[in-house]
Amino acid sequence: MQKQGRKKQDKLTKVSHNSDVVWIFSGQPILVLGYVTMATGKFPSFLVVVVVVAGLSVSGGGAKKSGNEVVVGTAPYRIHTLFSVECQNYFDWQTVGLMHSFRKAQQPGPITRLLSCTEEEKKTYKGMDLAPTLEVPSMSRHPKTGDWYPAINKPAGVVHWLKHSKEAENVDWVVILDADMIIRGPIIPWELGAEKGRPVAAYYGYLVGCDNVLAKLHTKHPELCDKVGGLLAMHIDDLRALAPMWLSKTEEVREDTAHWATNYTGDIYGTGWISEMYGYSFGAAEVGLRHKINDNLMIYPGYIPREGVEPILLHYGLPFSVGNWSFSKLEHHEDSIVYDCGRLFPEPPYPRELKEMEGDPNKRRALFLNIECINTLNEGLLFHHAAHGCPKPKWSKYLSFLRSKTFAELTKPKQLSPRSRQMMEVDVQKQDVGESEKSYPKIHTIFSTECSPYFDWQTVGLVHSFHLSGQPGNITRLLSCTEEDLKQYKGHDLAPTHYVPSMSRHPLTGDWYPAINKPAAIVHWLNHVKTDAEYIVILDADMIMRGPITPWEFNAAKGRPVSTPYDYLIGCDNVLAKTHTSHPDACDKVGGVIIMHIMDLKRLALLWLHKTEEVRADMGHWSRNITGDIYEAGWISEMYGYSFGAAELNLRHVISNEILIYPGYVPVPGVKYRVFHYGLEFRVGNWSFDKAKWRHMDVVNKCWAKFPDPPDPSSLDRSNEDSLQRDLLSIECANSLNKALHSYHERKKCPDPNSLSTPTRKTPHPPSLSTLTQKSPHPPSLSTLTQKSADPPPLSTLTQESLDPPSLPAPTRVTTTERIMTQKSPDPPSRKFEDNDSVDVSRRDLELKNESQRLPPPAETNQTFSSMRFWIIGLWVVSIFGFMAVMLMMISRRRVQRKRGKTFKTKRRTTHSGFWDRTTEVS
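Quantities reported herein were computed from a predicted structural model and do not represent experimental measurements.

What counts, and at which threshold
- Residues numbered from 1 in each chain as written.
- Predicted model: local features only at pLDDT ≥ 70, side-chain atom pairs only at ≥ 80, totals over all residues.
- Heavy atoms only, no water.
- Helix = DSSP H or I, 4+ residues; strand = E, 2+ residues; numbered from the N terminus.
- Buried < 20%, exposed > 50% of the residue type's maximum accessible area, 1.4 Å probe, protein only.
- Contact = heavy atoms within 4.5 Å.
- Disulfide = S-S within 2.5 Å.
- Pairing = 2+ DSSP bridges.
- Right-handed = clockwise from strand over helix to strand, strands pointing away.
- Axes fitted to C-alpha atoms, helices over the stretch in contact; angles between N-to-C directions.
- Phe/Tyr/Trp six-rings, centres within 6.5 Å; stacked < 30°, edge-to-face > 60°.
- Expected span 1.5 Å × (residues − 1).
- Salt bridge = Lys/Arg side-chain N within 4 Å of Asp/Glu carboxyl O.
- Parallel < 35°, antiparallel > 145°, perpendicular 65-115°, else oblique.
- Nonpolar A, V, L, I, M, F, W, Y, C, P; charged D, E, K, R; others polar.
- Polar contact = N/O pair within 3.5 Å; in protein donor to acceptor, adjacent residues only side chain to side chain.

Draft legend 1. Spotlight on the overall build of the protein chain. A tally of regular secondary structure across the protein chain gives 24 helices and 31 strands. Among the 923 residues that make up the protein chain, the fraction classed as buried is 53%. Pairs at least 24 apart in sequence give 74% of the contacts found in the protein chain among residues at least 6 apart.

Written as structure tokens, this is what we have:
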């Protein structure tokens, strides 16, 4: 766990308390150590780094801000906690308590205080540094009606946050709390059972208006009204749909004074004070949200907890007492205790006294919860006073207790018990969803990808088509990434996502086989996500949905999954199946689309993974005559892993030819295919599309980028009906991808393409219209290939999940009769021959032709030419400099030699002269 903080020598001080440390910078608390250490065993799928900086106007979600900051990094799920307050002392001490418990409980993700203040209140307000804060215009006095109702600030604040906060754009789950709460343990939506479309909430049984005329007056779906509030945990998309309705329904109920009476609302004061609570329930009913209601997660101090239940939230909205001691928040409405150094709330009895006071274990637990609530509040005040330069308080027995290991042990983060997770039984008779849906089971669709631009544009296409197809239920992307990939990944918002540790490099064997991520991701999803779906539909990323894929239409049942034919899996008929399954006769040649009961999938998933590992390790049986894999690289081991795993459980499939079609294949007349699988290259005239050629193109993050437009349908030759229908489907597939990209770029608020200058990006496919005959480049490097290529490269370079047929069956002779046959399985390309003569076609010829079409040599593109020109120029420059350097060295050496030569001659003259002088002297 990393701890981040900024230190300044002259103004940085440290305050210690138990095992915790608070760093103080210029009088502000910067970092609390001890509260942010996350148990890796409890939260295996994400890391949390929390740095709390006071005086922040907007909480940080990982993005740096000028001035004070909150630096929060969360991966893979992003949680944000919200609570709403006003500019009053009453809310300030509640804020101190909630923020202290937030850190103490190790709640993941950032937290934001929605602070509703008038301009006059802000002039004198002293508590801007109490929490990461988003200032919200106050609606306490309604701007239109003049009604004084401060509770409306809660939905108004949430609407404001969604509209104006950058954090709202980078979050998956939102936890909404009240200020008068103490967090006892991490509130993690998916662990509580929350799902998109199914928020989790605490039970507010007194909202009787859900059962009477009040609900009928204020929502079209009174049968969907849930009595909930307090703790809310929901998906960000659900909150976006709900928030405006929550605000408007609050206004409606507040204006309906005729129905404020207790017998309508359950409000004992009959003043419409709980209109905001009804606004939430009626708003949720209006947008079709049904809650998972839990009456165990939150408890009011003073209430006795159920046996075996460990609440993770204390809501001190009501008075509570222990013996002669009592506490009521309303008695401290004007209390400035936050700003009075050394002052705390009256100390409650000590734990030892409670043991003597109450003999019943459950009642004694309730008393312990009561004192834990007030003691946590007081501990938070102590930290706040210390952080703001208050003198160290005098020693007392109570302060000693708050600093003791006993108290630290009593208030350590609580984990959910099995009983705490149990949901209330909701009367399903109330859910009037129409006769057509009552008899149908729930469906959830999943698909597997990796962190790469290649899968991002496929994800955009599939998710866009999912929403247009009318497919029931939700969709989840299973995203397999390494930690390094995840740090740089930009596509978090492309789809509802479950993050999965990558198994591309096998952790035990070191084998590089990304296709294994598909079964591994499904195992991870099943073990970490609770779903109430009865059937799971499994797709590949390189698919476009054209219509709903439902178990009732294709006759799926428990023990009887549905799939599409993959006839090239010949290993089901030979020694491969006999080696890897005890029921080779039950091996079905299937893949692509799978519809399976959730119980069958839970039984199969781990076997699917293990059988994939087995086949992958069985290199002795990778040959083409055994597997059907023309590359003999074990690339389709994952497909066999599925078939062998299903055979091991005796799961026999309903094999349907009417679900999936490859663009470029001739459709069967009258069949309404539900899925395009564009795993193979397909053509219309001179235009073609091959997904592998777009492996390294980031068309998602480049505004208005798209694929080359296919021909206009009106330009097609209509003399042959089969060819026409084939080409129309191919055009539909390509157009669907481009429409999905355009829709995504619109949501990203890309600038108007008409206002942009001519693109200068040097890519083979600029965002503008390209020539229909333009060829996309072949991938520049096989070593960087990623998941699901229709054409597996060599073993050393393979990556995840080629679920596309790598080879064709062996037609030996095409007769006139066979020429008019249409597609029966996803294997043969079923191309029509236009002549009337019989044509001899060998298997090898077809394979070579197919390989030549799908694996052409890299074309020399402008980009390649530019790169080559750069290296030529560079080599030329280096050569010139090298030549000049050599010449300079030679010239330098000659100068040195000349100089030495002159010196040598001088020395010789001097030597000879001396010799004759000495001779003369002797003589």
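Draft legend 2. Structural view of the state of the cysteines. The tally for this structure, following the rule as stated, stands at six disulfides. Covalent S-S linkage joins Cys 87 and Cys 117, the inter-sulfur distance amounting to 1.5 Å. Taking the torsion about the sulfur-sulfur bond, which here is approximately 80 degrees, the covalent link between Cys 87 and Cys 117 counts as right-handed. Taken together, the residues span a long stretch of sequence, with Cys 87 in the loop between strand S6 (79-86) and helix H1 (89-104) and Cys 117 in strand S7 (residues 111-117) at a distance of 30 residues. Neither Cys 87 nor Cys 117 differs from the other in exposure class; each is buried. The connectivity of the disulfide bonds within the protein chain can be written as 1-2, 3-4, 5-6, 7-8, 9-10, 11-12, using the sequence rank of each bonded cysteine.

Draft legend 3. A look at the pairing of strand S12 (residues 228-235). S12 sits mainly inside the fold: eight of its eight residues count as buried. Judged from the four bridges that link them, strand S9 (residues 173-177) and S12 form a sheet pairing that is antiparallel. Counterpart to Ile 176 in the pairing with S12 is Leu 232.

Draft legend 4. Representation of the pairing of S6. Taking burial as the measure, the eight residues of S6 include eight buried ones, the bulk of the element. Side chains Ile 79, Thr 81, Phe 83 and Val 85 of S6 all project onto a buried face; the interleaved residues His 80, Leu 82, Ser 84 and Glu 86 project onto the opposite face, where all are buried too. As paired elements, S6 and S9 share five bridges and run parallel to each other. Note that in S9 the partner of Leu 82 across the bridge is Ile 176. The pairing of S6 with S7 spans six bridges and is classified as parallel. Across the sheet, residue Thr 81 finds its bridge partner in S7, namely Ile 111. Taken together, S6, H1 and S7 constitute a β-α-β crossover, and its handedness is right-handed.

Draft legend 5. Spatial organisation of unusual backbone geometry. Positioned with a positive phi, Gln 106 is a non-glycine residue whose angle comes to about 60 degrees. The topology assignment puts Gln 106 in the loop between H1 and S7. By relative accessible area, Gln 106 is classed as buried at 17%. Backbone geometry places Asn 555, a non-glycine residue, at a positive phi of 65 degrees. Structurally, Asn 555 is set in the loop between strand S22 (543-545) and strand S23 (562-565).

Draft legend 6. Fine view of the sheet that holds S22. Reading across the sheet, the three strands line up as S22-S27-S26 and stay open at both edges, with mixed pairing between neighbours. Only two strands of the sheet have a single partner each, and these edge strands are S22 and strand S26 (660-661). Both S26 and strand S27 (residues 675-677) contribute to a ladder of two bridges, which runs parallel. Residue pairing in the sheet places Leu 660 in a bridge with Val 675 of S27.

Draft legend 7. Looking closely at the sheet that holds strand S10 (residues 181-183). Spatially, three strands are ordered S10-S15-S14 in an open sheet, and the strand pairing comes out mixed. Two strands close off the open sheet at either side, each with one partner strand: S10 and strand S14 (298-299). Of the strand pairs in this sheet, S10 and strand S15 (residues 313-315) are connected by three bridges, and their pairing is antiparallel. Paired with Ile 183 across the bridge in S15 is Leu 313. Sheet strands touched by helix H10 (residues 361-387): S10, S14 and S15. Its angle to S10, the strand with the most contacts, is close to 95 degrees.

Draft legend 8. Representation of the packing of aromatic side chains. This structure, assessed with the given rule, holds 32 aromatic pairs. Aromatic pair Tyr 300 and Tyr 303: ring centres 5.6 Å apart, planes at 40 degrees, arrangement tilted. Judged by its relative accessible area of 15%, Tyr 300 is buried. Measuring from centroid to centroid gives 6.5 Å for Tyr 350 and Tyr 398, while their planes differ by 70 degrees, and the two rings are edge-to-face. Residue Tyr 350 is found in the loop between strand S17 (325-327) and helix H9 (351-357), and its partner Tyr 398 is found in helix H11 (residues 397-402); the two are separated by 48 residues along the sequence. Taking relative accessible area as the criterion, Tyr 350 reaches 12% and is therefore assigned buried. Classification of Tyr 398 by relative accessible area gives buried; the value is 5%.

Draft legend 9. Broad picture of helix H20 (residues 637-648). Over its 12 residues, H20 runs 16 Å from end to end, which matches the ideal 16 Å to within 8%, given 1.5 Å per residue. Taken across its 12 residues, H20 has 11 buried, putting it largely inside the fold. In the core, the buried residues of H20 are packed alongside helix H16 (517-528), helix H17 (575-580), strand S24 (590-597), helix H18 (598-617) and helix H19 (624-627). A positive phi of about 60 degrees marks Asn 650, the residue just after H20.

Draft legend 10. Structural context of the pattern of salt bridges. What the rule picks out here adds up to 36 salt bridges. Lys 249 serves as the salt-bridge partner of Glu 252, at 3.4 Å between the closest nitrogen and oxygen. Of the two residues, Glu 252 and Lys 249 are both situated in helix H6 (residues 236-255); the distance of three residues between them amounts to about one turn of the helix. Residue Lys 249 is classed as buried on the basis of its relative accessible area, which comes to 6%. Across the salt bridge formed by Arg 343 and Asp 335, the nearest N and O atoms sit 2.3 Å from each other. By relative accessible area, which is 32% here, Arg 343 ends up partly exposed. When its relative accessible area of 12% is taken as the criterion, Asp 335 is described as buried. Sharing partners across several salt bridges, the network here consists of Glu 119, Lys 122 and Glu 135.

Draft legend 11. Representation of the packing of H1 against H10 within the structure. Here H1 crosses H10 at 95 degrees, and the two axes come no closer than 8 Å. In this view, H1 runs roughly perpendicular relative to H10, as classed from their interaxial angle. When H1 is examined against H10, the residues Trp 93, Val 96, Gly 97, His 100, Ser 101 and Lys 104 are found in contact with a partner set consisting of Thr 376, Leu 377, Glu 379, Gly 380, Leu 381, Phe 383 and His 384. Classifying every residue of the contact of H1 with H10 gives five nonpolar, six polar and two charged.

Draft legend 12. Examining the side chain of Ser 165 more closely. One can find Ser 165 in the loop between helix H3 (153-164) and S9. Classification of Ser 165 as buried rests on a relative accessible area of 2%.

Draft legend 13. Representation of the environment of Thr 612 in the model. By secondary structure assignment, the location of Thr 612 is in helix H18. Separated by 96 residues in the primary sequence, Thr 612 and Ile 516 have C-alpha atoms spaced 6.9 Å apart.

Draft legend 14. Here's a closer look at helix H21 (residues 721-747). Here H21 spans 38 Å end to end across 27 residues, near enough to the 39 Å set by a 1.5 Å rise per residue. Sitting at the amino-terminal end of H21 is Asn 720, which places a side-chain oxygen 3.0 Å from the backbone nitrogen of Asp 722. Following H21 by one or two positions, Lys 749 has its phi on the positive side, about 60 degrees.

Draft legend 15. Structural context of the packing of helix H14 (residues 453-469) against H21. Contact geometry of H14 with H21 gives a least axis separation of 8 Å together with a crossing angle of 95 degrees. For the element pair H14 / H21, the angle class is roughly perpendicular. Together, Trp 457, Val 460, Gly 461 and His 464 of H14 and Ser 736, Leu 737, Lys 739, Ala 740, Leu 741, Ser 743 and Tyr 744 of H21 make up the contact between the two elements. In terms of residue class, the contact of H14 with H21 is built from six nonpolar, four polar and one charged.

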